[in-house]
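Residue strings, one per chain:
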Amino acid sequence: MRQIEDILQSTSRNVLDVHQQRLAKSNKRSEALRATVRALVTTLEGKDLYTWGHSNRVAELSRLTAMRLGLDVDCCERIYTAGLLHDVGKLGIPDTVLNKAAQLSSAEYNLIRLHPVIGFEIVQRVSSLADVAPAVLYHHEAFDGAGYPDGLVGDEIPLDARILGVADAFDAMTSARSYRNKMSPRRAEAILLDGCGRQWDAECVRAFLSATDGARLTIQQPSMTSVRLR
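This report concerns the structure included in the present document. (Residues numbered from 1 in each chain as written. Predicted model: local features only at pLDDT ≥ 70, side-chain atom pairs only at ≥ 80, totals over all residues. Heavy atoms only, no water.)

## Remarks on helix α6 (residues 115–124)
Of all the residues in α6, the buried ones are H115, P116, G119, F120 and V123. Buried residues in α6, looked at end-on, bunch into an arc of 140 degrees, giving them a common side. Contacts from the buried residues of α6 go to α3 (73–85), α5 (106–112) and α7 (133–138). (Buried < 20%, exposed > 50% of the residue type's maximum accessible area, 1.4 Å probe, protein only. Helix = DSSP H or I, 4+ residues; strand = E, 2+ residues; numbered from the N terminus. Arc of directions from axis to C-beta. Contact = heavy atoms within 4.5 Å.)

## Here's the deal with the packing of helix α2 (residues 54–68) against helix α8 (residues 159–173)
One can describe the packing of α2 onto α8 by two numbers: an axis separation of 9 Å at closest approach and a directional angle of 135 degrees. Here α8 runs oblique to α2, going by the angle between their axes. By crossing handedness, the relation of α2 to α8 is classed as right-handed. The segment α2 lies against α8, with H54, R57, V58, L61, S62, T65 and A66 engaging I163, L164, A167, D168, F170, D171 and A172. (Axes fitted to C-alpha atoms, helices over the stretch in contact; angles between N-to-C directions. Parallel < 35°, antiparallel > 145°, perpendicular 65-115°, else oblique. Left-handed = near helix turned anticlockwise from the far one by under 90°.)

## A word on the side chain of H140
Following the sequence through the fold, H140 ends up in the loop between α7 and α8. Residue H140 is classed as buried on the basis of its relative accessible area, which comes to 11%. A distance of 3.5 Å separates polar atoms of two side chains, one belonging to H140 and the other to H139. (Polar contact = N/O pair within 3.5 Å; in protein donor to acceptor, adjacent residues only side chain to side chain.)

## Section: the nonpolar core
One finds L85, V123, L192, V205 and F208 to be the most contacted residues of the largest nonpolar core, which totals 44 residues. Listing elements by their share of this core, those giving two or more residues are α1 (2–47), α2, α3, α6, α7, α8, α9 (185–194) and α10 (202–211). Of the residues forming this core, the biggest block, eight residues, is contributed by α8. With near-sequence residues (within four places) excluded, V205 lies in contact with V166, L192, L193, C196 and W200. (Core = buried A, V, L, I, M, F, W, Y, C linked by side-chain atoms within 4.5 Å.)

As structure tokens, this is what we get:
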């Protein structure tokens, strides 16, 4: 009996040691990943002064929306990370275009539209970020197929990207940019509702407004002017 107890205790210690080693390695990987994400976001926001704080706000708004949709913890954290990195592709866009105060030319606008693809290429090179790459690539797709880069329609757009698209649009509309003034949250909410089923997934819009205590506006809003988001 004593021998069996000794074996059990020894086995328990070995299992615990292995678990602690794995946990330590996991923590190191997690910290390295967080450091990578922070470095990318800091670099981006230093390049584009008008989006200072934008990535963090989009990440938090996206996570709140995902929680309201009932997604599990891992999904919510994945969407949060995707929110932090959704605009990382703008690192590949010239500053003269990114911060241009005047209206963009067609060529400049087409260049801006490359940022999801550039961001995808950056993110997918980091193996631990591969699961956020689709959201980064598709966050500018529109529910009716009029978005970019691939013109996906409806549920062809990954849910993570549909959530990001709503949060990104809201924060962009309510933030001052080099080419326009910010609008009120109430007007931005009305535009989101008016765009349900066309630019944005209606379920994601409703979850976003509910999660963020948005104004309780009805779907029957007068037609709002579409906002061109870079």
